[in-house]
Amino acid sequence: MSSRRRATAPNASKSPLRDLTDVPPQSPPVPLDEVDRQILVLLSEDSRRSQRALARELGMSAPSVKERIARLERLGVIRGYGVRLDWSAAGFPMTVYLTITAVQGYQQKELVEKLALIPELERLDIVTGAIDLLATLRVRDHLHLRHLLMERIWQIEGVQRTETSLSLVEIGPKDLVGELLSKPADGPA
């Protein structure tokens, strides 16, 4: 599906990414030792695991594990704990990938802020290439998707074109933390 919009680009003389300079930069790498990596792998498998259980599995004291976890949180390595939902069971079985091309010169910060207000938006990335943004959406069905596109997304000033792809089968999620952090720190990636 696509939508073409003709709109004047506000602030066309400025860089469209200029207003995104307040986006936090990537965090610098934090030195992680083998124990830190093991803690992260174990927490990625079950974030509800108690510190006492972690300490038993690692052969450490619970206060030592508590301090390690607190340090990882302080440094921003651990940014939070969450729940993985079965979206189909929760009533949102469709994953939709939406590429968005902005009007030439349109300030992407405004576009990002408007898209962020959409409850069905799971993720939004600013990307390189022929498109500007890549959105992941969760919807109930085709009717929900049609309403979302026609009544919400295509009505946003600055959206020039969209392309919609539907996920047919979801593979995963894979244990990325376990796969990447269980390897030795100095080993090949």
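Thresholds, definitions, all that
Starting from 1, residues in each chain are numbered consecutively following that chain's sequence as written. Local features in a predicted model are, by the rule used here, given only for residues with pLDDT of at least 70; side-chain atom pairs are given and counted only at 80 or more, and totals for whole chains, interfaces and linings are based on all residues. Processing note: side-chain calculations cover all non-hydrogen atoms of the structure and skip hydrogens and water entirely. Put simply, DSSP marks the helices as runs of H or I at least four residues long and the strands as runs of E at least two long, and each gets a number from the N terminus on. Burial status follows relative accessibility: with a 1.4 Å probe on protein chains alone, a residue under 20% of its type maximum counts as buried, one over 50% as exposed, and anything between as partly exposed. Contact between two residues is taken to exist if any of their heavy atoms lie within 4.5 Å; hydrogens are not considered. Each accessible area value is a Shrake-Rupley result obtained with a 1.4 Å probe; residue values ignore everything except the protein chains displayed when judging cover. In protein, a polar contact means a hydrogen-donor-capable atom and an acceptor-capable atom, both N or O and within 3.5 Å, with residues adjacent in sequence counting only if both atoms are side-chain atoms; elsewhere, any N or O pair within 3.5 Å suffices. Paired strands, as defined in this entry, are two strands with at least two bridges between them according to DSSP. Within this scheme a cavity is a closed region of a 1 Å grid, computed over the protein atoms alone, that accommodates a 1.4 Å probe without allowing it to escape, whereas a pocket is open but has protein on both sides within 12 Å along at least five of seven lines; lining residues each have an atom within 4 Å of a point. Grid points are joined across faces, edges and corners, and a volume is the space filled by probe spheres set on the points. Here the nonpolar group is Ala, Val, Leu, Ile, Met, Phe, Trp, Tyr, Cys and Pro; Asp, Glu, Lys and Arg are the charged ones; every other residue, Gly included, is treated as polar. Multiplying one less than the number of residues by 1.5 Å gives the expected span of a helix. Salt bridge criterion: a side-chain nitrogen from Lys or Arg within 4 Å of a carboxyl oxygen from Asp or Glu. To count toward a patch, a residue needs a relative accessible area above 30% and no salt bridge. Like charges then connect within 9 Å, nonpolar side chains (Val, Leu, Ile, Met, Phe, Trp, Tyr) within 5 Å.

Asks: Whenever I open this one, the overall build of the chain confuses me. Can you help?
Replies: Per the secondary structure count, the chain includes six helices and four strands. Tracing the chain from N to C terminus, the helices and strands come up as α-α-α-β-α-β-β-α-β-α. Going through the 189 residues of the chain one by one, you find that 30% of them count as buried. Across the chain, the fraction of contacts at a sequence separation of at least 24, relative to all contacts at a separation of at least 6, is 72%. Per element, the accessible surface of the chain, about 12600 Å² overall, is 53% carbon and sulfur.

Asks: What am I meant to see in the side chain of Thr95 here?
Replies: For Thr95, the location among the structural elements is in strand β1 (residues 94–102). With a relative accessible area of 3%, Thr95 lands in the buried category. Side-chain polar atoms of Thr95 contact the side chain of Glu170, separated by 2.2 Å. Excluding residues within four positions of it along the chain, Thr95 makes contact with Thr136, Leu137, Arg138, Ser165, Leu166, Ser167 and Glu170.

Asks: I would appreciate a short explanation of the pairing of β1 in the present structure.
Replies: The side chains of a regular strand alternate between both faces of the sheet. Taking burial as the measure, the nine residues of β1 include seven buried ones, the bulk of the element. Bridging between β1 and strand β3 (residues 133–139) involves seven bridges; their strand directions are antiparallel. Bridging across to β3, Leu98 finds its partner in Ala135. For β1 and strand β4 (residues 159–166), the ladder comprises seven bridges, and the chain directions are antiparallel. Bridge pairing links Val96 to Leu166 in β4.

Asks: Hey, could you run me through the layout of surface pockets in this one?
Replies: Rolling a probe over the atoms, with the probe sized like a water molecule, indicates the empty space that remains. There is about 610 Å³ of room inside the largest pocket. Together, 19 residues line the largest pocket, and Leu40, Ser44, Asp175, Leu176 and Val177 are the ones closest to its centre. Secondary structure elements with two or more residues in the lining of the largest pocket: α1 (34–45) and α6 (176–181). Among the residues forming the lining of the largest pocket, the class breakdown is ten nonpolar, four polar and five charged.

Asks: Mind showing me how you'd approach α1 here?
Replies: Two residues of an α-helix separated by three or four positions point the same way, owing to the 3.6 residues in each turn. Taking 1.5 Å as the rise per residue, α1 with twelve residues should run 16 Å; its terminal C-alpha atoms sit 17 Å apart, in good agreement. For α1, the secondary structure elements touched by its buried residues are α2 (51–58), α3 (62–74) and α6. Capping of α1 at its N-terminal end is provided by Asp33; its side-chain oxygen lies 3.1 Å from the backbone amide nitrogen of Val35.

Asks: What is the right way to read the pairing of β3 from this model?
Replies: Within β3, six of the seven residues are buried, which leaves it mostly tucked inside the rest of the structure. Across five bridges, strand β2 (residues 121–126) lies against β3 in antiparallel orientation. Bridge pairing links Ile126 to Leu133 in β3.

Asks: Got a minute to help me understand the pattern of salt bridges in this structure?
Replies: Oppositely charged side chains can form a pair if their charged atoms are brought close together. Applying the stated criterion across every chain, the model contains eleven salt bridges. Of the charged contacts, one joins Glu45 and Arg49 as a salt bridge, the two residues approaching to 3.8 Å between their closest N and O atoms. Overlapping salt bridges, with partners in common, bring together Asp33, Asp36, Arg68 and Arg71 in one network.

Asks: Is there a simple way to explain a nonpolar patch on the surface in this structure?
Replies: Together, Leu168, Val169 and Ile171 make up a nonpolar patch on the protein surface, roughly 430 Å² of accessible area in all. Overall, Val169 belongs to the exposed group, its relative accessible area being 62%.

Taken by themselves, the reported measurements are silent on function.
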